[in-house]
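# Results of the structural survey
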Amino acid sequence: MSKESISGSAAGRLSVLKTYKLYVGGKFPRSESGRVYEVTDAKGKWLANAPLSSRKDARDAVVAARKAFGGWSGATAYNRGQILYRIAEMLEGRRDQYVAEVADAEGLSKSKAAAQVDAAIDRWVWYAGWTDKIAQVVGGGNPVAGPFFNLSSPEPTGVVAVLAPRESSFLGLVSVVAPVIATGNTAVVVASEKSPLPALSLGEVLATSDLPGGVVNILSGRTAEIAAPLASHQDVNAIDLAGAGEELAKELEIAAADNLKRVLRPQPVDGADADWSATPGTDRMTAFLETKTVWHPTGALGASGSSY
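A short tour of the structure in this document, coming up.

As a further point, take the overall build of the protein chain. From N to C terminus, the protein chain includes eleven helices and ten strands. Counting all 308 residues of the protein chain, 46% fall into the buried class. In the protein chain, once contacts between residues fewer than 6 apart in sequence are set aside, the share between residues at least 24 apart is 76%. In the form shown here, the protein chain has an accessible surface area of approximately 14900 Å², with 54% of it arising from carbon and sulfur atoms.

Listing the buried residues of helix 9 (residues 223–232) in full gives Thr223, Ile226, Ala227, Pro229, Leu230 and Ala231. For helix 9, the elements touching its buried residues are helix 2 (55–74), strand 5 (159–163), strand 6 (186–190), strand 7 (216–219), strand 8 (238–240) and helix 10 (246–256).

The next point concerns the nonpolar core. Counting residues in hydrophobic clusters, the biggest one holds 64 residues, and the most contacted among them are Trp124, Phe170, Ile181 and Leu202. With ten residues, helix 5 (residues 110–130) is the largest single contributor of residues to this core. Leave out the neighbours within four places in its chain, and Phe170 touches Leu91, Tyr98, Val102, Glu106, Val117, Ala120, Pro198 and Leu202. Counting residues in each nonpolar core, the second largest holds 26 residues, with Ala64, Leu163, Ile226 and Leu248 among its members.

This part covers the packing of helix 4 (residues 95–106) against helix 5. Contact geometry for helix 4 and helix 5: axes closest at 8 Å, N-to-C directions at 120°. You can see that helix 4 and helix 5 cross each other, and the crossing is right-handed. Here helix 4 contributes Arg95, Tyr98, Val99, Ala100, Val102, Ala103 and Glu106 to the contact with helix 5, which in turn contributes Lys110, Ala113, Ala114, Gln116, Val117 and Asp118.

Before going further, it helps to examine the packing of helix 2 against helix 9. Two quantities define a packed helix pair, namely the angle between the helix axes and the distance between the axes. One can describe the packing of helix 2 onto helix 9 by two numbers: an axis separation of 9 Å at closest approach and a directional angle of 45°. When the axis of helix 2 is compared with that of helix 9, the two are oblique. Taken as a pair, helix 2 and helix 9 cross one another with a handedness that is right-handed. Residues Arg55, Ala58 and Val62 of helix 2 form the contact with helix 9, whose own contacting residues are Glu225, Ile226, Ala228, Pro229 and Leu230.

Pairing within the open sheet is antiparallel, and its three strands lie in the order 3-4-10. Each edge of the open sheet carries a strand with a single partner, namely strand 3 (140–141) and strand 10 (289–297). Looking at chain direction, strand 3 and strand 4 (residues 148–156) are connected through two bridges and run antiparallel. Across the sheet, residue Gly140 finds its bridge partner in strand 4, namely Ser152.

Within this structure, the stated rule accounts for 15 salt bridges. A salt bridge links Arg66 to Asp235, with the nearest nitrogen and oxygen atoms 3.2 Å apart. Here Asp235 lies in the loop between helix 9 and strand 8 and Arg66 lies in helix 2, a separation of 169 residues in the sequence. Overall, Asp235 belongs to the partly exposed group, its relative accessible area being 28%. Here the residues in one salt-bridge network are Lys18, Arg94 and Glu204, joined through shared partners.

Moving on, we get to the pairing of strand 7. Alternating residues of strand 7 divide into Val216 and Ile218 and Asn217 and Leu219, and every residue in both groups is buried. Note that the unit made of strand 6, helix 8 (residues 197–206) and strand 7 has a crossover that is right-handed.

This next bit is on the sheet that holds strand 9 (residues 262–264). Spatially, the five strands line up as an open sheet ordered 7-6-5-8-9, and their pairing is parallel. On the outer flanks of this sheet lie strand 7 and strand 9, each paired with one strand and no other. Across this sheet, the average inter-strand angle for adjacent strands is 15°, counted without regard to direction. With three bridges connecting them, strand 5 and strand 8 associate as parallel partners. Paired with Ala161 across the two strands is Ile239, which belongs to strand 8.

By the definition in use, this model includes four aromatic pairs. Aromatic side chains Tyr23 and Phe28 sit 5.1 Å apart centroid to centroid with 35° between the ring planes, which places their arrangement in the tilted category. The buried category is assigned to Tyr23, whose relative accessible area is 1%. Aromatic side chains Trp126 and Tyr127 sit 5.0 Å apart centroid to centroid with 90° between the ring planes, which places their arrangement in the edge-to-face category. Through pairs of rings, three or more aromatic residues link up here, namely Trp126, Tyr127 and Trp130. Positioned over the ring face of Phe69 is Arg66, at 5.6 Å from the centre of the ring. Here Arg222 stacks its cationic end above the ring of Tyr37, 4.6 Å away from the centre of that ring.

Rules of the game
Residues numbered from 1 in each chain as written. Predicted model: local features only at pLDDT ≥ 70, side-chain atom pairs only at ≥ 80, totals over all residues. Heavy atoms only, no water. Helix = DSSP H or I, 4+ residues; strand = E, 2+ residues; numbered from the N terminus. Buried < 20%, exposed > 50% of the residue type's maximum accessible area, 1.4 Å probe, protein only. Contact = heavy atoms within 4.5 Å. Areas by Shrake-Rupley, 256 points an atom, 1.4 Å probe, with all protein chains shown as cover. Core = buried A, V, L, I, M, F, W, Y, C linked by side-chain atoms within 4.5 Å. Axes fitted to C-alpha atoms, helices over the stretch in contact; angles between N-to-C directions. Left-handed = near helix turned anticlockwise from the far one by under 90°. Parallel < 35°, antiparallel > 145°, perpendicular 65-115°, else oblique. Pairing = 2+ DSSP bridges. Salt bridge = Lys/Arg side-chain N within 4 Å of Asp/Glu carboxyl O. Right-handed = clockwise from strand over helix to strand, strands pointing away. Phe/Tyr/Trp six-rings, centres within 6.5 Å; stacked < 30°, edge-to-face > 60°. Lys NZ or Arg CZ within 6 Å of the ring centre and 35° of its normal.

In structure tokens form, the structure reads like this:
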């Protein structure tokens, strides 16, 4: 075939439009209901049809997250850090794709979208470094009046439902998901209702980055519709309400009280004008940690005051 024929064929070909799917249990299912909704850019231009998740999808995601919790929480902190760093590596290789998706989703210029994506990649690296250090910050030996060792150590809470920020489709998303899994929890993430495409694309990176299936599960659709069954689910241990408005957050807090879930309420930093690029600190990691304290006898003390 001549060069002219090849170039002519390329010019007249139809684009292969991307079919966005959920990410649940390490797989890419369509919504159980078969529903989709239109996603548009900041100017109202159609971008894609995103899956419209149902309550059944939310329950399936919780099952997947619970199944993955034992292996992920039991992995060494060093291993979790290596996997989070691998996610950053994969994102770096697909940087241009995410810059385009964030620019479309948030109506940003290419340079501003690139800054958001770079900050998100750096955020994964930042949390990767914390995986084997957070225990030293929030745990330790406690002085007690008696012949005992008294040691406190942090443990992950369990399955955490995360409502991703509405306005920051990628950097905000990473800022609420990374700290949850860095400490050994598993997550069911509800993507930004308005701009879900960067979150759904993130599932493709997670699936090829050594992260076990089910550690992160990503749902798209109506936030209120998906969040309600997650807040009342008896096998969800905590919920981050970053992407919930004031009225919805109050309803979800009430539902979450049924099984005493940990609830991270929306903060001023989570709003439309939030600066997600600021150094996050350790608050979102410690929000979903439990402290286990162990007492152990030191043994009989000799005349010198020591049994050794």
